[in-house]
Amino acid sequence: MVENYAILPCNGLDKCAGVISGEIAKKLCENEKNEIICPVFYRVADAKYNKIAGEHPLLVIDGCPTRCASKLAAEKNLKISQRILITEEAKYHHIELNSGLRILENEKSLIEIILNGLNKAEAKPTKVSKETKASYNFDYETFQNGKFIFRVPKNSEVYYNENDCWAYVVGNLARIGVTDFVQQNLSDILYFTPPEIGAEIDQFGEVGDIESSKALVELISPVSGKVVSINESLVHQPEMINENPYELGWVAEIELTDFESDKELLIGFDKYFELLKKKVEGSNG
Amino acid sequence: MSETTFMGVERDKIDWKPTIDYSKCDYCMECTNFCPHKVFEVNENEEIKLIVRNPNNCVVFCRACSKICGPDALSFPDKNATTQRIKEIRKEEKNG
């Protein structure tokens, strides 16, 4: 249940989804224990809202994928506890929003659905992530460029795609994550959207995304299979990816369906290490 | 031989780039600010102010710009079809 929260909507007035975000924030703040943060006033009134945001968990409501409210939260160094994206909710519930700025029937239904979801007691997840007992011991090679150090596991069980994601394969299971190249590029990671437990993923399919104030990166799965567990700690501590994207910051575990075929399009340590060096040198201009 | 390859295949043989739906694009230019690979180009003085200038700079399988596009105006080819195509090209080149 959303109670005792600080609520930051984008409140955007250039799209219907932005108007809806403001409307939901206002409704949530009819419960006096919640506090609204006005995104416009926040730009000029740090003191007032920093205090509110510091004392409550933060719910960010973005209207559209430009994610202005999330960006504002990142700029202000706020930790996001929960986030809603209105256009995504509309898509999920098959509700088409009008092209104007008025709250009509469709918009009203969406607002109601979202509020019901937020206000009901914490639902127990129907699918439980079960971290496997497989052991993953990494042996690193490092490459330094200026003050940045890039670790790359050189274990033969670790495979890479050219999108800077790794898979540590043990039997019919792979633990996956991003490499140091991704976390160094993003710098402080502020948000992690996990894949769904039980989701069937194609090779190079999306397995969640991570976001910093600089960018958003879609995680591209090196392997195909079924997501059997996710690193739930990352939902509240996405910065663990910055600490170590291979150990504490792993993303998900996947039960493999066709690794022999996946392997064709993956590379091992030697090739990835060379590619990483090229990318790092290339990104220096 | 093109300058870059992806998975051992020349980049310009892989059809992977964003397509802009101009009926939705509102020229907010968030995609150009976001993409570090200079895939897009802004032409303020043209009627069509945003184009895909460097499709081969686009990182194969990356669709991040479409995820930050407010009006949902960017689309990409099907990932599975692209994967299959890359496998086919690799096979052709190995046999050829």
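Residues numbered from 1 in each chain as written. Chains lettered and ligands numbered in written order. Predicted model: local features only at pLDDT ≥ 70, side-chain atom pairs only at ≥ 80, totals over all residues.

For the rest of this paragraph, the subject is the overall build of chain A. A count of helical and extended segments in chain A gives 11 helices and 15 strands. By the compact-globule yardstick of 19 Å for 285 residues, chain A fits well, its C-alpha radius of gyration being 21 Å. Dimensions of chain A along its principal axes, counting C-alpha atoms only, are 55 × 40 × 35 Å. Relative to all contacts within chain A whose residues are 6 or more apart in sequence, the contacts with residues 24 or more apart total 63%. (Helix = DSSP H or I, 4+ residues; strand = E, 2+ residues; numbered from the N terminus. Rg over C-alpha atoms; globule rule 2.2 N^0.38 Å. Contact = placed C-beta atoms within 7 Å.)

Of the regular secondary structure elements, chain B holds 3 helices and 6 strands. Going residue by residue from the N terminus, the α and β elements of chain B occur as β-β-β-α-β-β-α-β-α. Overall, chain B is about 50 × 25 × 20 Å in size when its C-alpha atoms are taken along their principal axes. Scored against the burial criterion, the 96 residues of chain B give a buried share of 22%. Long-range pairs, those at least 24 residues apart, make up 55% of the contacts in chain B with a sequence separation of at least 6. (Buried ≥ 20, exposed ≤ 12 C-beta atoms within 10 Å, placed from the backbone.)

All names here are of chain A. Secondary-structure assignment places F259 in helix α10 (residues 259–263). For the pair formed by F259 and V223, sequence separation is 36 residues and the distance between their alpha carbons is 6.7 Å. In this structure F259 touches V169 and V223, once residues within four positions along its chain are discounted.

Residue and element names in this part refer to chain B. For M7, which is not glycine, the phi dihedral falls at a positive 55°. Among the structural elements, M7 can be located in the loop between β1 (5–6) and β2 (9–10). Residue class for M7 comes out partly exposed when judged on the 18 C-beta atoms lying within 10 Å of it. Despite not being glycine, Y27 has its phi angle at roughly 55°, a positive value.

What follows deals with the sheet that holds strand β13 (residues 216–220) of chain A. Residues and elements named next belong to chain A. Pairing in this open sheet of 3 strands is antiparallel, and the strands run β10-β12-β13 from one edge to the other. Each having just a single partner strand, β10 (189–193) and β13 make up the two edges of the open sheet. Across the sheet, the axes of successive neighbouring strands diverge by a mean angle of 20°, strand direction being ignored. The pairing of strand β12 (residues 206–212) with β13 spans 4 bridges and is classified as antiparallel. By the bridge assignment for β13, E211 is matched with L216. (Pairing = 2+ DSSP bridges. Axes fitted to C-alpha atoms, helices over the stretch in contact; angles between N-to-C directions.)

Let's shift gears to the sheet that holds strand β2 (residues 35–36) of chain A. Residues and elements named next belong to chain A. Spatially, 4 strands are ordered β2-β1-β3-β4 in an open sheet, and the strand pairing comes out parallel. In the strand order of this sheet, the two ends are held by β2 and β4 (82–85), each with one partner. Sheet topology places strand β1 (residues 6–9) next to β2; 2 bridges connect them, and they run parallel. Paired with I7 across the bridge in β2 is I36. Sitting on the sheet, helix α1 (residues 16–28) is in contact with β1, β2 and β3 (58–62), with an inclination near 165° to β1. Docked against the sheet, helix α4 (residues 68–75) engages β1, β3 and β4, running at close to 140° with respect to β3.

Another aspect to go through is the domain arrangement of chain A. Under the domain assignment, chain A is made up of domain 1 (6–119) and domain 2 (140–283). The gap between the C-alpha centroids of domain 1 of chain A and domain 2 of chain A is 31 Å. (Domains from an automatic or database assignment.)

Attention now goes to the nonpolar core. With 92 residues, the main nonpolar core has A:I7, A:L8, A:L58, A:I61, A:W166 and A:I176 as its most contacted residues. Not counting residues up to four positions away in its chain, the partners in contact with A:L8 are A:I37, A:P39, A:L58, A:V60, A:A69, A:L72 and A:A73. (Core = buried A, V, L, I, M, F, W, Y, C linked by C-beta atoms within 7 Å.)

Counting residues at the interface gives 19 residues for chain B, matched by 18 residues for chain A. It is helix α3 (residues 79–95) of chain B that contributes the most residues to the side of chain B that touches chain A, 5 residues altogether. Considered class by class, the residues forming the side of chain B that touches chain A number 11 nonpolar, 3 polar and 5 charged. (Nonpolar A, V, L, I, M, F, W, Y, C, P; charged D, E, K, R; others polar.)

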